[in-house]
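Results of the structural survey
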Amino acid sequence: MQNVTDRTSNPFGMRPPCDRFVPGYGDANAALHLVGDHPGVHGGLDTEVPFTNAAGRRLLSVFADVGLLDDPDADTPTLDDLYLSYLHLCAGDPTPESYADCERFFDAELRAIGAHVLLPVGERATEQILQTYTARTPPQPLAMEDLHATELRGSGWLVVPIVDPRDWTDDHADRLRESLETLLATDYRREAELGRFMPGDEPYIVR
């Protein structure tokens, strides 16, 4: 199914219950969806683009290396097949109640994007994605070092957890780069063409 929006910032017009927030940003038809925690840790309040603080740009530079965005240092980078968003898009220090309140906006956007690959960044995002969008029960404590840049099968998604870039060493960047290069070289979309069962010549692609 193809999205009908060509807007890069906040393509679905999300309006969370807060004065300042960082909306989702990128290719609304993306196959890869990068999910962070909140603007206080991964930046974006000045640019309105997720992952535009020092640690976030370190992460984006890996995606630039594999051709998914043009300039990780730009305030409004051009993304190709990649979408960026947060679990908690509002400014300020999140509370359990505000995380719960923002969840409906995140869930609606995730399903509207319909990406094939979810890339949660950090423990909270990884736990939320594993708990809600896969059939897995997240282990406690969450072993992010072991999960980093590995592929986990979910319920309709491939999940690739990422250690928070604030805690990275060079090894984390290298492992993620290698994982993305391998992923992009495979049939990660896992689509089937069912047009042969339909009238007409148009392809009918399903996941």
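Scope of this entry: the structure provided in the associated data block. The structure presented is a predicted model; accordingly, all values stated were derived computationally and were not measured.

Parameters at a glance
- Residues numbered from 1 in each chain as written.
- Predicted model: local features only at pLDDT ≥ 70, side-chain atom pairs only at ≥ 80, totals over all residues.
- Heavy atoms only, no water.
- Helix = DSSP H or I, 4+ residues; strand = E, 2+ residues; numbered from the N terminus.
- Contact = heavy atoms within 4.5 Å.
- Salt bridge = Lys/Arg side-chain N within 4 Å of Asp/Glu carboxyl O.
- Pairing = 2+ DSSP bridges.
- Axes fitted to C-alpha atoms, helices over the stretch in contact; angles between N-to-C directions.
- Buried < 20%, exposed > 50% of the residue type's maximum accessible area, 1.4 Å probe, protein only.
- Expected span 1.5 Å × (residues − 1).
- Left-handed = near helix turned anticlockwise from the far one by under 90°.
- Nonpolar A, V, L, I, M, F, W, Y, C, P; charged D, E, K, R; others polar.

Considering the environment of Ser155
- Considering the arrangement of structural elements, one finds Ser155 in the loop between β5 (152-153) and β6 (158-159).
- Spatially, the C-alpha atom of Ser155 lies 4.8 Å from that of Thr134, the residues being 21 residues apart in sequence.
- Ignoring any residue separated from it by four or fewer positions in sequence, one finds Ser155 in contact with Tyr133, Thr134 and Ala135.

Some details on the pattern of salt bridges
- Scanning the entire structure with this criterion turns up eight salt bridges.
- Note that Asp75 is salt-bridged to Arg57, the shortest N-O span being 3.0 Å. Of this pair, Asp75 sits in the loop between α2 (54-65) and β3 (82-86) while Arg57 is found in helix α2, placing the two residues 18 residues apart along the sequence.
- A network of salt bridges, in which partner residues are shared, links Asp65, Asp174 and Arg177.

Structural notes on the sheet that holds β3
- Pairing is mixed across the open sheet formed by six strands, whose spatial order is β1-β3-β2-β4-β6-β5. Taken across any chain shown, the strands that pair with only one partner, and hence form the sheet edges, are β1 (25-26) and β5.
- Packing of helix α3 (residues 96-113) onto the sheet brings it into contact with β2 (32-36), β3 and β4 (117-120), and relative to β3 it is tilted by some 170 degrees.
- Strands in contact with helix α4 (residues 122-133) are β2, β4, β5 and β6; relative to β4, the strand with the most contacts, it is inclined by about 145 degrees.

Things to note about the pairing of β3
- Among the five residues in β3, five count as buried, and that is most of the element.
- Judged by which residues are buried, β3 turns out to be covered on both faces: Leu82, Leu84 and Tyr86 on one side and Tyr83 and Ser85 on the other are all buried.
- Where β1 and β3 come together, two bridges link them in antiparallel fashion. Across the sheet, the residue bridging to Gly26 is Tyr83, located in β3.
- The pairing of β2 with β3 spans five bridges and is classified as parallel. Looking at the pairing, Leu32 lines up with Leu82 of β3.

Here's the deal with α2
- For α2, built from twelve residues, the straight-helix expectation of 16 Å at 1.5 Å per residue is met to within 8% by its first-to-last C-alpha distance of 17 Å.
- When α2 is considered as a whole, its buried residues turn out to be Ala55, Gly56, Arg57, Leu59, Leu60, Val62, Phe63 and Ala64.
- Buried residues along α2 sit against β2, β3, β4 and α6 (170-184).
- Two residues or fewer past α2, Gly67 is found with a positive phi of approximately 90 degrees.

Let's talk about the environment of Leu84
- For Leu84, the position within the fold is in strand β3.
- A relative accessible area of 0% means that Leu84 is categorised as buried.
- Along the chain, Leu84 and Ser9 lie 75 residues apart, while their C-alpha atoms are 9.7 Å from each other.
- Filtering out sequence-adjacent residues up to four positions away, Leu84 remains in contact with Gly24, Tyr25, Leu34, Val49, Pro50, Phe51, Leu60 and Leu79.

Quick word on the packing of α2 against α6
- Packing of α2 against α6 leaves a shortest axis separation of 9 Å and a crossing angle of 35 degrees. Considering only the axes of α2 and α6, their crossing is right-handed. Only Ala173, Leu176, Arg177 and Leu180 of α6 make contact with α2, whose side of the interface consists of Leu59, Val62, Phe63 and Asp65.
- Residue composition of the contact of α2 with α6, grouped by class: six nonpolar, no polar and two charged.

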